[in-house]
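Okay, here's what each chain looks like letter by letter:
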Amino acid sequence: MSSAPPTRSSFMANWESMIAANGYLLDVSTNDSFSNYVDGYHDLDVGNVKGRVVTGLNSGTTYYYRVRAYTSSGPGSYSETMPATTVPTTGLNINATFDSSITGNQTRRRSKR
């Protein structure tokens, strides 16, 4: 299955579909033991699809994901753990900050009529 390439803050999680699955629950962690989870990605119900874009991640970081199918009988066992790495940040990064001399100046210019 082809996949969208990772970015600095996302990757595409893909898995094989399972017969009779009503949907899938997705887990994403920064470690392969899943002792902690990325916010919003613990038993995330992604519906009956074969992939999901995982967003809001840190650049240059390896993440691990797994899924488990669920049916009307409940959730099944976990898939194998799959790694995915976001693209490292390169080049110039600008993190703009504004101090009170910019954000606190309430003076407005009036146009001459």
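These figures come from a predicted structure and were not determined experimentally. (Residues numbered from 1 in each chain as written. Predicted model: local features only at pLDDT ≥ 70, side-chain atom pairs only at ≥ 80, totals over all residues. Heavy atoms only, no water.)

## Some points on the side chain of Ser-29
Here comes step 1: Tracing the chain through its elements places Ser-29 in strand 2 (residues 23-29).
Here comes step 2: Its relative accessible area of 0% is what places Ser-29 among the buried residues.
Here comes step 3: Within the local environment of Ser-29, its side chain forms a polar contact with the backbone nitrogen of Asn-31, the two atoms lying 3.1 Å apart.
Here comes step 4: At 2.5 Å, the side chain of Ser-29 and the backbone oxygen of Asn-36 are in polar contact.
Here comes step 5: Ignoring anything within four residues of it in the chain, the contact list for Ser-29 reads Phe-34, Ser-35, Asn-36, Tyr-37, Val-38, Tyr-63 and Tyr-64. (Helix = DSSP H or I, 4+ residues; strand = E, 2+ residues; numbered from the N terminus. Buried < 20%, exposed > 50% of the residue type's maximum accessible area, 1.4 Å probe, protein only. Polar contact = N/O pair within 3.5 Å; in protein donor to acceptor, adjacent residues only side chain to side chain. Contact = heavy atoms within 4.5 Å.)

## Notes on the packing of aromatic side chains
Aromatic ring pairs are defined here through the distance separating the ring centres and the angle between the ring planes.
Here comes step 1: Enumeration over the complete set of coordinates arrives at four aromatic pairs.
Here comes step 2: Arranged with centres 5.8 Å apart and planes meeting at 50°, the rings of Trp-15 and Tyr-24 form a pair that is tilted.
Here comes step 3: For Trp-15, a relative accessible area of 4% corresponds to the buried category.
Here comes step 4: Chaining the aromatic ring pairs together yields one cluster made of Phe-11, Tyr-63 and Tyr-65.
Here comes step 5: Geometry around Phe-34 places Arg-66 over its ring, the cationic atom sitting 4.0 Å from the centre. (Phe/Tyr/Trp six-rings, centres within 6.5 Å; stacked < 30°, edge-to-face > 60°. Lys NZ or Arg CZ within 6 Å of the ring centre and 35° of its normal.)

## Quick notes on the pattern of salt bridges
Here comes step 1: In the structure shown here, the tally under the stated rule is two salt bridges.
Here comes step 2: Between Asp-27 and Arg-66 there is a salt bridge whose closest N-O contact spans 3.0 Å. Here Arg-66 lies in strand 5 (residues 62-71) and Asp-27 lies in strand 2, a separation of 39 residues in the sequence.
Here comes step 3: Judged by its relative accessible area of 0%, Asp-27 falls in the buried class.
Here comes step 4: Asp-43 is paired through a salt bridge with Arg-68; the nearest N and O atoms lie 3.1 Å apart. Residue Asp-43 is found in the loop between strand 2 and strand 3 (44-47), and its partner Arg-68 is found in strand 5; the two are separated by 25 residues along the sequence.
Here comes step 5: According to the relative accessible area criterion, Arg-68 is buried, its value standing at 15%. (Salt bridge = Lys/Arg side-chain N within 4 Å of Asp/Glu carboxyl O.)

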